[in-house]
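# Survey of secondary and tertiary structure
Take a look at the letters that make up each chain.
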Amino acid sequence: MRTLSFPALVANLEAYYGKPLPPKTADPLGLIIHENIAYLANDDKRDAAFDALKTDVGLRPTEILAAPIEDLVNVTRLGGIHAELRAARLKEIAHIVLNDFAGDLNGVLKLTLPRAKKALQKFPSIGAPGAEKILLFTRTHPLLALESNGLKVLMRLGFGQARKNYSASYASVQEALQDQIGNDCDFLIGAHQLQRRHGKEICRGSNPACEICPVKRWCAYYRNNERPGVLK
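Residues numbered from 1 in each chain as written. Predicted model: local features only at pLDDT ≥ 70, side-chain atom pairs only at ≥ 80, totals over all residues. Heavy atoms only, no water.

## So, the overall build of the protein
When you go through the protein residue by residue, the secondary structure sums to 12 helices and 0 strands. Reading the protein from its N terminus to its C terminus gives the helix and strand order α-α-α-α-α-α-α-α-α-α-α-α. For 232 residues, the compact-globule estimate of 2.2 N^0.38 gives 17 Å, and the C-alpha radius of gyration of the protein, at 19 Å, lies within 12% of that figure. On the principal axes, the C-alpha backbone points of the protein span a range of 60 × 35 × 35 Å. Within the protein, the proportion of its 232 residues that are buried is 46%. Long-range pairs, those at least 24 residues apart, make up 60% of the contacts in the protein with a sequence separation of at least 6. (Helix = DSSP H or I, 4+ residues; strand = E, 2+ residues; numbered from the N terminus. Rg over C-alpha atoms; globule rule 2.2 N^0.38 Å. Buried < 20%, exposed > 50% of the residue type's maximum accessible area, 1.4 Å probe, protein only. Contact = heavy atoms within 4.5 Å.)

Structural data, given as structure tokens:
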């Protein structure tokens, strides 16, 4: 079976889904807030909560700290369950920015990659993959930043191998593609968005819709299942 290169995968997904819209924000603090403002919510609800915070409260740390907690809960409630917890996290995020970064996260983007990743992981819900996404979406480092859906897509196509834990699997995929990602942040941002969408809509964890997948001819998962599209 002919192997699909990473650039060809992205091209095939873009031909199927269309060119992705720009991310909601390219600001490091905005990306942290966008991650934390919703939980188990679709993109429309997450974006609605982010827009409400921006309009009703503001995105600066001082604005978030000055806001009554009830106002933050009203915003985070738009982003799904555990609204009170996520409102408290917004306050925590604001405190970290002010206390650890003098109110400005842009200085983090000037650090070396390891130090920048470590700094960003001080924030709630931001692990190593989330830190890499921030550094990519701010166009600071051209990284193969993956979330769970994108990782699943690439592993099913045969890039990397499933390991004993998520971090090891993530590293395996990154290693397999290290010579193919290039250094174009815009390309990699689009790749991130397309792989995420594909993993959510077609290459689902359960009952993937393999029969309509635009890259099934190259897919190891599709090839190895007798009844692709209906197996869990």
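## Concerning the packing of aromatic side chains
Taken as a whole and assessed by the stated rule, the structure comprises 4 aromatic pairs. Judged by centre distance (5.8 Å) and plane angle (15 degrees), the rings of F101 and F123 are stacked. Placement of the pair is F101 in helix 6 (residues 83-101) and F123 in the loop between helix 7 (113-120) and helix 8 (128-137), with a sequence separation of 22 residues. The exposure classification of F101 matches that of F123, with both residues buried. Here the aromatic rings of Y166 and Y170 are separated by 6.3 Å at their centres, their planes lie at 35 degrees, and the arrangement is tilted. On the criterion of helical spacing, the pair formed by Y166 and Y170 is a turn pair, its members being 4 residues apart in helix 10 (residues 166-177). The class for Y170 is buried, based on a relative accessible area of 6%. Here the basic side chain of K133 rests over the ring of F137, its NZ or CZ set 5.2 Å away from the ring centre. Sitting over the face of the ring of Y221, R156 holds its NZ or CZ atom 4.2 Å from the ring centroid. (Phe/Tyr/Trp six-rings, centres within 6.5 Å; stacked < 30°, edge-to-face > 60°. Lys NZ or Arg CZ within 6 Å of the ring centre and 35° of its normal.)

## With respect to the nonpolar core
Formed by 71 residues in total, the largest nonpolar core has its most connected members in F6 and F123. A total of 8 residues in this core trace back to one element, the largest contributor, which is helix 6. Other than its neighbours up to four places away in sequence, F6 contacts L144, L154, F159, L177, Q180, I181, F187, L188, A191 and Q195. (Core = buried A, V, L, I, M, F, W, Y, C linked by side-chain atoms within 4.5 Å.)

## Observations regarding a nonpolar patch on the surface
Among the surface-exposed residues, Y39, L40 and I81 lie close enough to one another that they form a single nonpolar patch of about 340 Å² accessible area. Tracing the sequence through the fold places I81 in the loop between helix 5 (69-76) and helix 6. Since its relative accessible area comes to 46%, I81 is described here as partly exposed. (Patch = residues over 30% accessible without salt bridge, like charges linked within 9 Å, V, L, I, M, F, W, Y side chains within 5 Å. Areas by Shrake-Rupley, 256 points an atom, 1.4 Å probe, with all protein chains shown as cover. Salt bridge = Lys/Arg side-chain N within 4 Å of Asp/Glu carboxyl O.)

## Concerning the environment of L151
Looking at the element boundaries, L151 is found in helix 9 (residues 148-156). Residues in contact with L151, not counting those within four places in the same chain, are L146, Y166, S169, Y170 and V173.

## What about unusual backbone geometry?
A positive phi angle, close to 50 degrees, is found at L40, a residue other than glycine. Position of L40 relative to the elements: it lies in the loop between helix 2 (28-36) and helix 3 (43-56). For N207, which is not glycine, the phi torsion reads 50 degrees and is therefore positive. The residue N207 is located in the loop between helix 11 (185-201) and helix 12 (220-224) in this model.

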